[in-house]
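# Structural features, examined
Here's the letter readout for the chains.
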Amino acid sequence: MEFEQFCNLLPKIELHAHLNGSLSAFSLQKLGCSNEQISEYQQLADLQATEKTLNECFKLFKVAHSATKNQQSVYLATKYVIEDFFNENVAYLELRTTPREEQNMTKADYIESVIRAIKDCDKNIIVKLLLSIDRSDDLKCEENLELIIKMRQKYPNVIKGVDFSGNPYNGTFDPKLFQKARNCGLFITLHCAEIKNDEEVEEILKFRPDRIGHGTFLHPNFGGNDSIWKLYLDTNIPLECCLTSNVACGTAKSYKQHHLQEWIKNSLPFTLCTDDKGVFGTNLSKELGLAYQYFSLTPTNLWEMTQKTVSYTFASDEEKKVLTKILQDWKVKNHF
Ligand code: 6MZ
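Residues numbered from 1 in each chain as written. Predicted model: local features only at pLDDT ≥ 70, side-chain atom pairs only at ≥ 80, totals over all residues. Heavy atoms only, no water.

## Quick word on the overall build of the chain
We apply this condition: For the purposes of this entry, the term helix denotes a DSSP run of H or I that reaches at least four residues, the term strand denotes a run of E that reaches at least two, and both are numbered from the N terminus. Atoms counted for the radius of gyration: C-alpha only. Globule rule: 2.2 Å times the number of residues to the power 0.38. Contact criterion: two residues are considered in contact whenever any of their non-hydrogen atoms come within 4.5 Å of each other. Surface accessibility in these figures is a Shrake-Rupley result with a 1.4 Å probe; residues are shielded only by whichever protein chains are displayed. Only four residue types enter the tally: Lys and Arg on the positive side, Asp and Glu on the negative side, with His and both chain ends excluded. A charged residue contributes its charge at one atom only: NZ of Lys, CZ of Arg, CG of Asp or CD of Glu.
When helices and strands are counted, the chain shows 16 helices and eight strands. The C-alpha atoms of the chain give 19 Å as radius of gyration, which agrees with the globular expectation for 336 residues (20 Å, within 12%). Seen through its principal axes, the chain has C-alpha atoms that stretch 50 × 45 × 45 Å. Considering only intrachain contacts with a sequence separation of at least 6, the fraction spanning at least 24 residues in the chain is 75%. About 14700 Å² of surface is accessible on the chain, with carbon and sulfur atoms providing 48% of the total. One finds the centroid of the 39 positive side-chain charges in the chain at a distance of 4 Å from the centroid of its 45 negative side-chain charges.

## Digging into the environment of Lys320
Selection rule: Each residue is assigned to one of three classes by its accessible area relative to the maximum for its type, calculated with a 1.4 Å probe on protein chains only: buried under 20%, partly exposed between the two thresholds, exposed over 50%.
Its location among the elements puts Lys320 in helix α16 (residues 317-333). Take Lys320: its relative accessible area is 22%, and that puts it in the partly exposed class. It is 6.0 Å that separates the C-alpha atoms of Lys320 and Val310, two residues lying 10 residues apart in sequence.

## So, the packing of aromatic side chains
Note the cut-off: Aromatic rings from Phe, Tyr and Trp, taking only the six-membered ring of Trp, are treated as a pair when their centres fall within 6.5 Å; an angle between ring planes under 30 degrees marks them as stacked, one over 60 as edge-to-face, and anything in between as tilted. Charges are assigned to positions over rings by a cutoff of 6 Å between ring centre and Lys NZ or Arg CZ, combined with an angular limit of 35 degrees from the ring normal.
By the definition in use, this model includes 13 aromatic pairs. In textbook terms, an aromatic cluster arises when at least three aromatic residues are bridged by ring pairs, as seen for Phe3, Phe6, Tyr292 and Trp330. Directly above the aromatic system of Phe207 lies the positively charged group of Arg182, at a separation of 4.3 Å from the ring centroid.

## Regarding the side chain of Glu88
Let me state the cut-off plainly: Should a side-chain nitrogen of Lys or Arg be within 4 Å of a carboxyl oxygen of Asp or Glu, the pair is scored as a salt bridge. The term polar contact refers here to a pair of N or O atoms within 3.5 Å; inside protein, the definition further demands a hydrogen-donor-capable atom paired with an acceptor-capable atom, and it admits residues adjacent in sequence only when both atoms are side-chain atoms.
Examined against the element boundaries, Glu88 turns out to sit in the loop between α5 (71-87) and β2 (90-97). In this structure Glu88 is buried but unpaired, with Lys12 as the nearest side chain of opposite charge at 4.5 Å. Separated by 2.5 Å, the side chains of Glu88 and Ser285 make a polar contact.

## What to know about the site of the ligand
The following threshold applies: Working definition: residue near molecule or strand if any one of its non-hydrogen atoms lies within 4 Å of it. Grid points spaced at 1 Å over the protein atoms alone were grouped into cavities, where a 1.4 Å probe fits but cannot get out, and pockets, open sets with protein on both sides within 12 Å along at least five of seven lines, with lining residues defined by an atom within 4 Å of a point. To be counted as sitting in a cavity or pocket, a molecule needs more than half of its atoms within 2 Å of that site's grid points. Under the convention adopted here, Pro, Cys and the residues Ala, Val, Leu, Ile, Met, Phe, Trp and Tyr are nonpolar, Asp, Glu, Lys and Arg are charged, and Gly plus all remaining residues are polar.
Around the ligand lies a shell of 19 residues, among which His65, Thr97, Thr98, Glu194 and Asp276 are the nearest. In this structure, a nitrogen atom belonging to the ligand sits 2.9 Å away from a main-chain N or O atom of Gly166. The contact in question runs from a nitrogen atom of the ligand to an N or O atom on the side chain of Asp275, over 3.2 Å. With respect to the detected pockets, the ligand is housed in the largest pocket. With three residues, the top contributor of residues to the shell around the ligand is helix α4 (residues 54-67). Across the shell around the ligand, the residue classes tally to five nonpolar, 11 polar and three charged.

## A short note on the nonpolar core
In plain terms, the rule: By convention a nonpolar core is built from buried Ala, Val, Leu, Ile, Met, Phe, Trp, Tyr and Cys residues, the set being connected through side-chain atoms within 4.5 Å.
Counting 109 residues, the largest nonpolar core has Phe178, Leu218, Tyr232 and Leu272 as its most contacted members. Among the elements that make up this core, the one with the highest residue count is α4 (seven residues). Contact partners of Tyr232, with chain neighbours within four places excluded, come to Leu205, Ile212, Leu218, Ile237, Leu239, Trp263, Leu268 and Pro269.

## Observations concerning the confidence of the model for the chain
Quick reminder of the rule: The predictor attaches a confidence to each residue, called pLDDT, with possible values from 0 through 100.
Averaged over every residue, the pLDDT of the chain is 95; the share at 70 or more is 97%. When pLDDT is averaged over each helix and strand of the chain, the minimum, 80, is found for helix α3 (residues 35-46) and the maximum, 99, for strand β1 (residues 12-18).

## Quick look at the pairing of strand β6 (residues 211-214)
Walk down a regular strand and you will see the side chains alternate between the two sheet faces. The line we're drawing: A strand pair is defined by DSSP finding two or more bridges across the two strands. Here, the term right-handed applies to a crossover whose path from the first strand over the helix to the second runs clockwise when the strands point away from the viewer.
Relative to β6, strand β5 (residues 187-192) runs parallel, the two being bridged by four bridges. Across the sheet, His191 pairs through a bridge with Gly213, a residue of β6. In this region the chain leaves β5, passes through helix α9 (residues 198-207) and returns to the parallel neighbour β6; the handedness of that crossover is right-handed. Sheet topology places β6 next to strand β7 (residues 239-241); two bridges connect them, and they run parallel. Paired with Gly213 across the two strands is Glu240, which belongs to β7. Tracing the backbone out of β6, into helix α10 (residues 226-235) and back to the parallel element β7 gives a crossover that is right-handed.

## Structural notes on the pattern of salt bridges
Counting across every chain of the model gives 17 salt bridges. Between Glu102 and Arg100 there is a salt bridge whose closest N-O contact spans 2.9 Å. Here Glu102 and Arg100 have matching classes, each one buried. One salt bridge connects Glu262 with Lys265, and the closest N-O pair in it is separated by 3.3 Å. Placement of the pair is Glu262 and Lys265 together in helix α12 (residues 260-265), with a separation of three residues, close to one helical turn. Glu262 sits in the buried class, given a relative accessible area of 3%. Taken together, the shared-partner salt bridges connect Glu94, Arg96, Asp163, Arg211 and Glu240 into one network.

Spelled out as structure tokens, the structure:
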């Protein structure tokens, strides 16, 4: 089997995908975005990685947000994103999104629309929802968490966790807030060290979330420091690694000089993810291909990484067994 085909056909697990950032240009078109907006979106997605900065990337989310302002469009957006992941053989998807209020839509309506699309999905893919707390929306964090807890009580099999995201130049991590979420049975994944912010990173690691996103400025060779790296090693928290996103945002210098190498070298837990595949013009199969190209991860390494990722998911034990079997059967069927 050709390597590209391997990456596409492998039953994959995606744990870090923001709903609105995952919308393809084609989906945005179907959701009513103008040609002008689409070309702005595509031009930026096609730019040389080094020409973009994290702040510029954040401007792009406005395009998708302008197309998902009511319950029907949020429903359709969720449906399209799930279908795109399914079409590249993602078997398990944890989709995350920030509940958003618009003129004719409450945050609860927003969540309900996403859940309706997840429940209506008739494809062979397991989808779970993580609700994001936007760090830029400091003043509303408590209120947002209350809503998330309430919705989780209503949909315990779909809403599995809470994510802390948003522009990392804004806001601060509040351990009390996430402890409250944890006490209510929610899993916690936090964007951590996407930019250099040692004080916050230390607090996040001491909190010991179930997973962290990005982890860019942790290792001393990548802008971290010895005590932070030691703290990380003590926790051994799985990393949601988003290669293209980090390179596109300029937080990693290049694919070759990406901090993932430290995880590989030290046999630390990680999984490859897309972050915002619409914004960054990628998909999970491509991310696997990049790990092969730049870090020599073989098909066997990538299969093993996927198998380990099963234990990092927020799925039930039963679902984890199903995923393990899917992967085992696929390996046997494809003789490798
Ligand atoms: C931090 C990010 C992000 O929630 O509207 N988001 N937060 N770092 C990143 N790295 C590039 N990429 C996306 O999806 C878009 C939202 O996800 C968060 C931002 O808050 C963005 O507005 P939803 O579905």
